[in-house]
Amino acid sequence: MQTATTPVPIPPRDTSWLVARGLIPDHGPRRVLAVATFVNMLGSGIFMATAVLFFTRSVGLPLAQVALGMGIAALVGMLAGVPVGHLADRRGPREIYLLTLVIRAATMAALAFVHTFWPFVVLVCLTQLAHSAGGASRGPLVRGFGGANLGQYRAYLRSIANLAGCCGALAAGAAVQLDTRAAYLALVVGNAVSFVACAAIITRLPSLPPVPAPQLTGRWIALRDRPFLTVTVLDAILGIQGQVLVFALPVWIISETDAPRWFVAVAVLVNTALVATLQVRASRGVDTSSAAGRAMRRSGLAFLIGMALIATTSAMPGWVAVTVLTLGVASHTVGELWHAAGSLELQFRLAPAHAQGQYMGISGLGTGLANVAAPSLLGLLCIAWGAPGWLLMGGIFVAVGLAAPAVVRWGERTRPDSADAV
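Remember, predicted model here, so these are calculated numbers, not experimental data.

Analysis parameters
Residues numbered from 1 in each chain as written. Predicted model: local features only at pLDDT ≥ 70, side-chain atom pairs only at ≥ 80, totals over all residues. Heavy atoms only, no water. Helix = DSSP H or I, 4+ residues; strand = E, 2+ residues; numbered from the N terminus. Rg over C-alpha atoms; globule rule 2.2 N^0.38 Å. Buried < 20%, exposed > 50% of the residue type's maximum accessible area, 1.4 Å probe, protein only. Contact = heavy atoms within 4.5 Å. Areas by Shrake-Rupley, 256 points an atom, 1.4 Å probe, with all protein chains shown as cover. Patch = residues over 30% accessible without salt bridge, like charges linked within 9 Å, V, L, I, M, F, W, Y side chains within 5 Å. Salt bridge = Lys/Arg side-chain N within 4 Å of Asp/Glu carboxyl O. Axes fitted to C-alpha atoms, helices over the stretch in contact; angles between N-to-C directions. Parallel < 35°, antiparallel > 145°, perpendicular 65-115°, else oblique. Left-handed = near helix turned anticlockwise from the far one by under 90°. Nonpolar A, V, L, I, M, F, W, Y, C, P; charged D, E, K, R; others polar. Core = buried A, V, L, I, M, F, W, Y, C linked by side-chain atoms within 4.5 Å. Lys, Arg positive; Asp, Glu negative; His and termini not counted. Charge placed at Lys NZ, Arg CZ, Asp CG, Glu CD. Phe/Tyr/Trp six-rings, centres within 6.5 Å; stacked < 30°, edge-to-face > 60°. Lys NZ or Arg CZ within 6 Å of the ring centre and 35° of its normal.

*Asks:* Would you explain the overall build of the chain in this entry?
*Replies:* Summing up its helical and strand segments, the chain has 16 helices and 0 strands in all. In terms of overall size, the chain behaves like a compact globule, its C-alpha atoms giving a radius of gyration of 21 Å where 422 residues would be expected to give roughly 22 Å. On the principal axes, the C-alpha backbone points of the chain span a range of 60 × 50 × 45 Å. When burial is assessed residue by residue, the chain has 52% of its 422 residues classed as buried. Taking all contacts inside the chain whose residues are at least 6 apart in sequence as the whole, residues at least 24 apart take part in 83%. Split by element, the accessible area of the chain, about 18,300 Å² in all, is 69% carbon and sulfur.

*Asks:* It is not clear to me how helix 5 (residues 81-91) should be interpreted in this structure. Could you clarify?
*Replies:* Each α-helix winds once per 3.6 residues, and so residues spaced three or four apart point in a common direction. Inspection of helix 5 places Gly81, Val82, Val84, Gly85, His86, Ala88 and Asp89 among the buried residues, and these make up the whole buried set. Here the buried face of helix 5 lies against helix 4 (63-77), helix 6 (93-110), helix 7 (117-145) and helix 15 (356-385). Following helix 5 by one or two positions, Gly92 has its phi on the positive side, about 110°.

*Asks:* Please clarify how the environment of Ala172 should be interpreted in this entry.
*Replies:* Mapped onto the elements, Ala172 comes out in helix 8 (residues 150-178). For Ala172, a relative accessible area of 1% translates into the label buried. As for Ala172 and Val59, which are separated by 113 residues in sequence, their C-alpha atoms are 17 Å apart.

*Asks:* Even after reading the chapter, I still don't get a nonpolar patch on the surface, so can you show me in this structure?
*Replies:* Taken together, the side chains of Val52, Leu63 and Met70 present a nonpolar region at the surface, about 250 Å² in accessible area. Positionally, Leu63 belongs in helix 4. For Leu63, a relative accessible area of 54% puts it in the exposed group.

*Asks:* So what exactly am I meant to see when it comes to the packing of helix 5 against helix 15 here?
*Replies:* Axes are the key here: two packed helices are described by the angle between their axes and the distance separating the axes. Between helix 5 and helix 15, whose axes approach to 6 Å, the crossing angle comes to 165°. On the basis of the axis angle, helix 5 is roughly antiparallel to helix 15. Considering the relative orientation of helix 5 and helix 15, their crossing is right-handed. Within the contact between the two elements, helix 5 uses Gly81, Val82, Gly85, His86 and Asp89 and helix 15 uses Gln356, Gly357, Gln358, Gly361 and Ile362. Tallied by class, residues from the contact of helix 5 with helix 15 come to 2 nonpolar, 7 polar and 1 charged.

*Asks:* Just checking my understanding: could you explain the nonpolar core for this structure?
*Replies:* In a soluble, globular protein the nonpolar side chains are often hidden away together inside. Among the nonpolar cores identified, the biggest contains 51 residues, and Leu249, Leu378, Trp390 and Met393 are the most heavily contacted of them. For this core, the elements supplying multiple residues, two or more each, are helix 10 (226-239), helix 11 (244-256), helix 12 (263-283), helix 13 (289-311), helix 14 (318-349), helix 15 and helix 16 (387-413). Every residue in contact with Met393, bar those within four places of it in the chain, is listed here: Ile240, Met307, Leu377, Leu378, Leu381 and Cys382. Residues Ala105, Leu111, Cys198 and Phe348 belong to the second largest nonpolar core, which totals 50 residues.

*Asks:* Mind showing me how you'd approach a positive patch on the surface here?
*Replies:* Together, Arg294, Arg297, Arg298, Arg409 and Arg413 make up a positively charged patch on the protein surface. Relative to the elements of secondary structure, Arg297 occurs in helix 13.

*Asks:* What is the right way to look at the packing of aromatic side chains in this model?
*Replies:* For the coordinates displayed, the defined rule picks out 10 aromatic pairs. Here Trp252 and Trp390 contribute two aromatic rings whose centre-to-centre distance is 5.6 Å and whose plane-to-plane angle is 70°, an arrangement assigned as edge-to-face. In this pair, Trp252 sits in helix 11 while Trp390 sits in helix 16, placing the two residues 138 residues apart along the sequence. The two residues Trp252 and Trp390 agree in class, both being buried. Here the aromatic cluster, defined as three or more aromatic residues joined through ring pairs, consists of Phe47, Phe54, Phe55, Phe117, Trp118 and Phe120. Here the guanidinium or amino end of Arg298 rests over the ring plane of Trp338, the centre of that ring lying 5.0 Å away.

*Asks:* Whenever I open this one, the side chain of Thr37 confuses me. Can you help?
*Replies:* With respect to the helices, strands and loops of the structure, Thr37 is situated in helix 2 (residues 29-48). Classification of Thr37 as buried rests on a relative accessible area of 7%. Beyond its immediate stretch of four places on either side in the chain, Thr37 contacts Arg138, Leu157, Ile160 and Ala161.

*Asks:* Just checking my understanding: could you explain the packing of helix 2 against helix 8 for this structure?
*Replies:* Relative orientation of the contacting elements helix 2 and helix 8 amounts to 30°, with a least axis distance of 7 Å. As far as their axial angle goes, helix 8 and helix 2 are roughly parallel. For the pair helix 2 and helix 8, the crossing hand works out as right-handed. On the side of helix 2, the interface is formed by Pro29, Arg30, Leu33, Ala34, Thr37, Phe38, Met41, Leu42, Gly45 and Ile46, while helix 8 contributes Tyr153, Tyr156, Leu157, Ile160, Ala161, Ala164, Gly165, Cys167, Gly168, Ala169, Ala171 and Ala172. Taken together, the residues of the contact of helix 2 with helix 8 break down into 17 nonpolar, 4 polar and 1 charged.

Note that every value here comes from positions in space, so none of it alone points to a role or purpose.
This is the structure:
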């Protein structure tokens, strides 16, 4: 029986050139999970980049209805993480994760037949529920198969997920250029196929037995873990940064600066390239709770610098604005790298091994709330208020980052068994 301190055996090392340079993991579960992650995110990147266009231009729904339906789905999806994470902890994460992939494939394929509002709402809600549940059940798989260098492996998975999402978004550009129903349907079907392919890959993983829970342990321990809940709140506030470059910055560039419009795409590519190439390096040394707290503190400072640079560009000539915006995007991305490293470490470090899925569900709930709140908050501060709003938002990130180490120390003191929280 697997215990919290007994890692899943890893096969002998592959001595190929790609493995030696860290471009792919060794043969075995780690490589299988990495390939599944790439395939999953490739399909998701293809669809996410064009979802709104598909529903408005192909299905024919008004933009207001699409926004309403996707907002409802985001709120409903947050309900699935904790209970499904608990189910994965007790029944085995591989089987539950496979089920979520099958549901996502079915609901995504069904979207091809949607023509009215309420079927659209039902299907996007089911898709979002399965997405949230999948994230919670995948966490124990990463922990169970991650090996001795779990932090670096998590960073590697994030890098390839980012790369796959970028490739998917670039592929979606062809459909946008064609702007036909057939092109948009091809993206929907392609995403559904990616879920099927991901499920087929996941079947190659060995079943991961549940970690026995200690006696007298309550069922919903994550909901009673106040230090972890507080860490989740801080992490969620910092997580608003994920919408800065994809929501606030494009509007700012087009409406408030003389930078060329094409720089919107360049900013995303710069961010994606830096995350894909530097996430593993940024995560080195972030292998304890205290190191994770310090990484989150550094991230807040980097976000402030990046947002301050962006705030100064409204009165600059076009190419000067491009230069300063590039520096701002780079600084923001450095903050994103540190935030991701600290956040991922704490999601695993503070969670007991027997309840990893449940704790991942709590983290997913925080992330979901941040994603729901981010557009309104950033629109109010960064767009409506302008430069002072950018600085205020950066100040909020700094304050949260400065508070993180103290809250993390509180979490460390309240772990019942430090060995079980690794």
